[in-house]
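# Residue-level structure breakdown
The primary structure of each chain is shown beneath.
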Amino acid sequence: MIGLRRTRSSLAVAMAAVAFTGACLAANRAKPARAAPRSGLPAAVTTPPTGPVMKVAAVDAGRRSRVHAEAAEIDVHLAARWQEHAVEPSPPLDDAQFVRRIHLELAGRIPTYEETVAFLRDTASDKRDQLIERLLASSDYVSHFYNYWADVLRLSERPQKNLLFEPYLAWVKDSIRTNRHYDDWVHEMLTADGRLWENPAVGFQLRDDGMPLPYVDNTVRVLLGTQIGCAQCHDHPFDHWTQHQFYELAAFTAGTRTRLGGAVKSAKPGAEAKPVPPPAVRTLVKEARDSKGKKAGALVQFIQANATSVSFRDTALKLPHDYQYDDAKPSAPVERELLWGKVPAGVRNAGGREQLAGWMVSRTNRQFARTIANRFWKKVMGVGLVEPIDDFREENPASDPELLEHLTDLMLRLDFDLREYVRVLVSTSAYQRRAVIHDTTDEQPFRYPGPALRRMTAEQVWDSIVGLIALNPWSVQRPTAVEIANVAGVDLRTATIDDVEQQFDRFVKEYGPGAYQRRLNKVCGYRGQWLLKASEMPAPLPLGHFLRQFGQSDRETIEGGRTVPTIPQTLAMFNGPITHAMLEEGSVVYETVMEHDADETIDIVFLTVLSHEPSPEDRQAAIDELTAADPATGCGNLIWALLNTREFLFIQ
Amino acid sequence: MRFSPAISDDRLARRTFLGKAARAAFGLTLLESVTGRASAAADTAAGGVNVITLMMRGAMSHIDTFDPKPGREEQGETGSIATKLSGIRFGEHLPRLAGLADRLAIIRSLTTETGAHEQGTYLMRTSYPQLNSIRHPSFGSWAVHALGKRSGDLPGYVLVGNGNEHPGCGFLDPAVTPVPLADPARGLENITRPGYLTQANFERRLALADRIDHDFKQRYAGRQIEAYDRMYADAVRLMGSGDLAAFDIAREDDKTRERYGRSRLGQGCLLARRLVESGVRCVEVEMRGWDMHRDLWEDLPGKVGELDTAMATLLEDLDARGLLGSTLVVLATEFGRSPKINENAGRDHHPAVFSAVLAGAGVKPGVVHGASDAGGRLPDRDAVSVADFNATIAAACGLPWEKEFVAPNGRPFKIANDGKPIAAVLTG
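These numbers come from a predicted model, not from an experiment.

## Looking at the overall build of chain B
- Each helix and strand in chain B was counted, giving 11 helices and 17 strands.
- Counting all 428 residues of chain B, 61% fall into the buried class.
- Partitioning the contacts of chain B with sequence separation of at least 6, the portion at a separation of at least 24 is 73%.
- Carbon and sulfur atoms make up 50% of the accessible area of chain B, which totals about 15,200 Å².

## With respect to the overall build of chain A
- Secondary structure assignment for chain A yields 30 helices and eight strands.
- Rg of the C-alpha trace for chain A: 27 Å, near the compact-globule value of 26 Å for 652 residues, within the 12% margin.
- Burial status across chain A gives 61% buried among its 652 residues.
- Here the analysis covers contacts within chain A between residues at least 6 apart in sequence; of these, 71% occur between residues at least 24 apart.
- With the model as given, the accessible surface of chain A reaches about 25,000 Å², and the carbon-plus-sulfur share is 53%.
- The averaged location of the 84 negative side-chain charges in chain A is 7 Å from the averaged location of its 75 positive side-chain charges.

## Some thoughts on helix α6 (residues 127-136) of chain A
All names here are of chain A.
- By the criterion of burial, α6 is predominantly enclosed, with eight of the 10 residues buried.
- The set of residues buried in α6 consists of K127, R128, D129, L131, I132, E133, L135 and L136.
- Along its buried surface, α6 packs onto α3 (64-84), α4 (95-107), α5 (113-121), α7 (139-153) and α18 (418-426).

## Details of the side chain of T592(A)
Residues and elements named next belong to chain A.
- Along the chain, T592 falls in helix α26 (residues 588-595).
- Looking at T592, the relative accessible area reads 4%, which means it is buried.
- Setting aside chain neighbours within four positions, we find T592 in contact with Y113, E114, I604 and T608.

## A short note on the pairing of strand β7 (residues 282-287) of chain B
All names here are of chain B.
- Within β7, six of the six residues are buried, which leaves it mostly tucked inside the rest of the structure.
- Residue alternation in β7 divides its side chains into two sets, C282, E284 and E286 and V283, V285 and M287, and both sets are buried.
- With four bridges connecting them, strand β5 (residues 157-160) and β7 associate as parallel partners. Across the sheet, residue V160 finds its bridge partner in β7, namely V285.

## Remarks on the nonpolar core
- The biggest cluster of nonpolar side chains holds 138 residues, and the ones touching the most others in it are W149(A), Y168(A), V172(A), Y182(A), V186(A), W377(A) and Y421(A).
- Looking at this core element by element, the count peaks at nine residues for α7(A).
- In contact with Y421(A), not counting residues within four places along its chain, are A373(A), F376(A), W377(A), L407(A), L410(A), M411(A) and L414(A).
- If you look at the next biggest cluster of nonpolar residues, it comprises 137 residues, including L547(A), I578(A), L188(B) and M287(B).

## Observations regarding the packing of helix α21 (residues 497-511) of chain A against helix α22 (residues 515-524) of chain A
All names here are of chain A.
- Axis separation between α21 and α22 bottoms out at 5 Å; the angle between their running directions is 40 degrees. Classed by the angle they form, the pair α21 and α22 counts as oblique. The segment α21 lies against α22, with V508, K509, E510 and Y511 engaging A515, Y516 and R519.
- Here the contact of α21 with α22 is built from residues that sort into four nonpolar, no polar and three charged.

## Describing the interface of chain B and chain A
- Each partner contributes residues to the interface: chain B has 65 residues there, and chain A has 88 residues.
- Both sides of the chain B and chain A interface together cover about 6,600 Å² of buried area, and 55% of this is carbon and sulfur.
- For chain B, the biggest contributors to the area lost against chain A are N190(B), Y228(B) and E343(B); these three give 11% of the whole.
- Put simply, chain B and chain A have seven salt bridges between them.
- For D299(B), the salt bridge goes to K161(A), with nearest N and O atoms at 3.9 Å.
- Across the contact surface, chain B and chain A share 18 residue pairs in polar contact (both at pLDDT 80 or more).
- Sorting the residues of the side of chain B that touches chain A by element identifies β6 (179-181), α5 (199-212), α6 (214-219), α7 (223-239) and α10 (296-320) of chain B as the ones contributing at least two each.
- In terms of residue count, the dominant contributor to the side of chain B that touches chain A is α7(B) (12 residues).
- For the side of chain B that touches chain A, the class distribution of residues is 28 nonpolar, 12 polar and 25 charged.

## Thoughts on the side chain of S372(B)
All names here are of chain B.
- Its place among the elements puts S372 in strand β13 (residues 371-372).
- Side chain to side chain, S372 and D67 meet in a polar contact 2.5 Å long.
- Polar contacts involving the side chain of S372 include one to the side chain of K69, which spans 2.8 Å.
- When sequence neighbours within four positions are dropped, the list of residues in contact with S372 reads D67, K69, R108, V353, L378, P379 and D380.

## What to know about α26(A)
- Extensive coverage of α26(A) is indicated by the burial of six of its eight residues.
- Among the residues of α26(A), V588(A), V589(A), Y590(A), T592(A), V593(A) and M594(A) are the ones counted as buried.

## Digging into the confidence of the model for chain A
- For chain A, mean pLDDT is 89; residues scoring 70 or higher make up 91% of the total.
- Low pLDDT, under 50, characterises residues 263-267 of chain A; the stretch is placed with 10 contacts to residues that sit more than four places away or in other chains.

## Overview of unusual backbone geometry
All names here are of chain A.
- With an omega of -10 degrees, the peptide bond running from E387 to P388 counts as cis.
- With respect to the helices, strands and loops of the structure, P388 is situated in the loop between α16 (366-381) and α17 (401-413).
- Cis peptide bonds are those with omega within 30 degrees of zero, and the linkage from A539 to P540 qualifies with -5 degrees.
- At D415, a residue that is not glycine, the phi angle is positive and equals roughly 60 degrees.
- With respect to the helices and strands, the residue D415 is situated in the loop between α17 and α18.
- Classification of D415 by relative accessible area gives partly exposed; the value is 38%.
- Here the phi dihedral of F416 falls at roughly 65 degrees; this positive angle occurs in a residue that is not glycine.
- As for its placement among the helices and strands, F416 is situated in the loop between α17 and α18.

Rules used throughout
- Residues numbered from 1 in each chain as written.
- Chains lettered and ligands numbered in written order.
- Predicted model: local features only at pLDDT ≥ 70, side-chain atom pairs only at ≥ 80, totals over all residues.
- Heavy atoms only, no water.
- Helix = DSSP H or I, 4+ residues; strand = E, 2+ residues; numbered from the N terminus.
- Buried < 20%, exposed > 50% of the residue type's maximum accessible area, 1.4 Å probe, protein only.
- Contact = heavy atoms within 4.5 Å.
- Areas by Shrake-Rupley, 256 points an atom, 1.4 Å probe, with all protein chains shown as cover.
- Rg over C-alpha atoms; globule rule 2.2 N^0.38 Å.
- Lys, Arg positive; Asp, Glu negative; His and termini not counted.
- Charge placed at Lys NZ, Arg CZ, Asp CG, Glu CD.
- Pairing = 2+ DSSP bridges.
- Core = buried A, V, L, I, M, F, W, Y, C linked by side-chain atoms within 4.5 Å.
- Axes fitted to C-alpha atoms, helices over the stretch in contact; angles between N-to-C directions.
- Parallel < 35°, antiparallel > 145°, perpendicular 65-115°, else oblique.
- Nonpolar A, V, L, I, M, F, W, Y, C, P; charged D, E, K, R; others polar.
- Buried area = accessible area lost by both parts, 1.4 Å probe.
- Salt bridge = Lys/Arg side-chain N within 4 Å of Asp/Glu carboxyl O.
- Polar contact = N/O pair within 3.5 Å; in protein donor to acceptor, adjacent residues only side chain to side chain.
- pLDDT = per-residue confidence, 0-100.

Okay, here's the thing in structure tokens:
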């Protein structure tokens, strides 16, 4: 028991003094400090949200015993492997370790003090199941899995000048919220028609607009875990795919158009089938160019965005003019041919795009199920059964082919319900063991004595830190497709140039360059940072943002996120404004400490930041700190120190 | 005030104290590097060659820059201009580099196997194909590893660009991984303690963090966590460095900043010059946006203009400061762009032939090596592989390009893979 004598006001004064003299924080940037540095945290962030952030599809509690049975099958299999290979499984997670891990796994953030304590004190024998089910139905689950798919699908607001991609981003998040089954979801992405705000799923086909062959490459890579990209230009150097095969597959989607239009020019190899813009669009573009001066360029882009619309009409594809192999002539037409299997009977008379989609998600195309089963196994356990997860090859077999097929069967039985699949995986006893070190260059196959030790992703670090500061990290949410349609949509068949300009002005005001950022500044800005969930940030973020420094992708490469350490990351944690926001009055950690007695401070800080009580040595170190310095400073030092441990950043 | 005040004893004392504190706090000893060389932190070599690489991301068109084909359909809308080298022409948007052509070594016969950005960039940076089983060191990391750091506190290698995609130190010691800077105008951010945080408190915090981390580090000892320890120690050392002003281009006068061009590349080149002046051995500056599949002539003139201004100014500035003799400047990209103009008024990926430029230390000025065929499609003579190109750079730096090193997995590796230097562009 330490005789800490402090009142809320004295600690507040000390901490506030700390915060206000932090005007020097502004000096960390090249720009001169603002005239009056913002004092304290924005109100929207310190006020609890009034209702649920979003309505998430319920989790079926009734399936619990089935989930246990399915998890047990996986455990039995792994136990046999451990015995076979003399592998010692890792010790099971205790409750403190579990509550932190499962929050990071399913909600993308560390648990709050209340969540941790409530779980530790709960005596229900099924409390872990209850927590899993609750988290899987939370808005944080949606946010976290959105971040995952944003990295895979390269979700960016303006991947090209004519693409207003916010509706697609919103649709991906919404698909997770409603727990859309994966095969259904993919099928829609592969076959959707229309403009982005009319049918946001078209975003998938538009991501590589103008590059129809890379579209095929990326689609096969993400959905089938197979790299055929090299075969675009020549027979694959490492694998068996030939250039001819690549074109045969590309022939299915060759008729995809991405612009409104009438007559179609004949498709040349590798080029989009380019329709002639309808007269209305041509006229509007000309009027914009001629009369609108400085605005002309942006207005033309806005018209192009409205003229961007996906449709499909079967079109022949030809081999490139410099095709160099003996099996066909250059510029010869290509017959459609799948990489394997057959076009399902139901779509044999449909267009090429429908045929490809039908084949892709068909139950008989096991590679589709296998790829996603492996992908989410990696997400949860840290290492795929096939690595890399997008490079299935004969020379790169699964470390445990039986288990992989078992998981594939499970995915099919679950009807591609990804959330249920994750639910099963985190219910295994293998998952609920302490993490182990795994060296990716180790030539021995990983036998999963526990999940692999990993650093948090950039978004997990950010959301965890924001959770220590903001009572409401959802003060702003990204726009929906409807919100975009209201200010972006123009009927190009009937609009005059003045109509277009009016709508353009409305669009720029709401979603033009910097508009969203300005809104964030106003609502949740603090010393140049937005105290907001990572999923609601602009995408991509600039290179200097904390999230990018911690490895978030620029959304130009598939799965571009990284977790390697860098000096700028360390400096951001040491000295950056986000670390110091939690020492401000009104922050979650500050308020939690203040709500309790002084002699609980040490426990509270440990439970809040590291999700466990201090060990005797830790407690002594903390006591030494709080008694040596003055208590307010000591408390700030303690919070900072815990945040800057390596332990904080890693998922044990 | 972001950086340390004027030189004073206080700062020196602080640096030493901080250095000591860092070692004490993290229980560090000099970490042995992978190949048995003592930690670069203690091992500095004042001399030797510096390298500034300008990496054009997205695949820079060769026909529109250093290998025009005047009078042919392939040339498209870019005109061509005469250069200081008789008979040699550049694209019209490179007037200043054209005027400096007699200081450059231009290679027009580079050829590579891959037309994919990720693999092509990795190959250009490491000389190896991207494999799943190993991460190869980037050239800059090899250079710092072999030649040593020039400065005690400053990093040996800095990247002005995106660290995510960079191979970094690969299997070499993390000490030689590049420090990534997002924005040259902002330099090294978060480098000073906030005003309210005293030095004493900062050190208390570090020591406390280390104490609390004890159990975790015991349980998870290994390379992964050691890399974090290294970053912490390096960050603390950097905070105490007296040379941080090197990162601050605001200290340059406006005229200089204008001359380099206000583009990211321009200011990045200025930063590179400052860093090399202050003791950083390798700097890589990225410029993105070269992947012009459509409407190439909308964006290209501006981009090539930025490159022309930035690179020409960098060369002139290095020369004026007597640094060009000890600094190698490299202009590289992952592959070229198709001579055939596509349906969207753009050019597609073209690995078969492309161009690169070298200048400065070890390089023979006023040389054009190799040529592409009449249409800019294939090498016509003296084809140069990416490995050969990097071996040439290694030779210019005096690096042991022919030596076989052993990686942690027991396999042999060379700085430039199986590449051989091109004698024709080297002085030595």
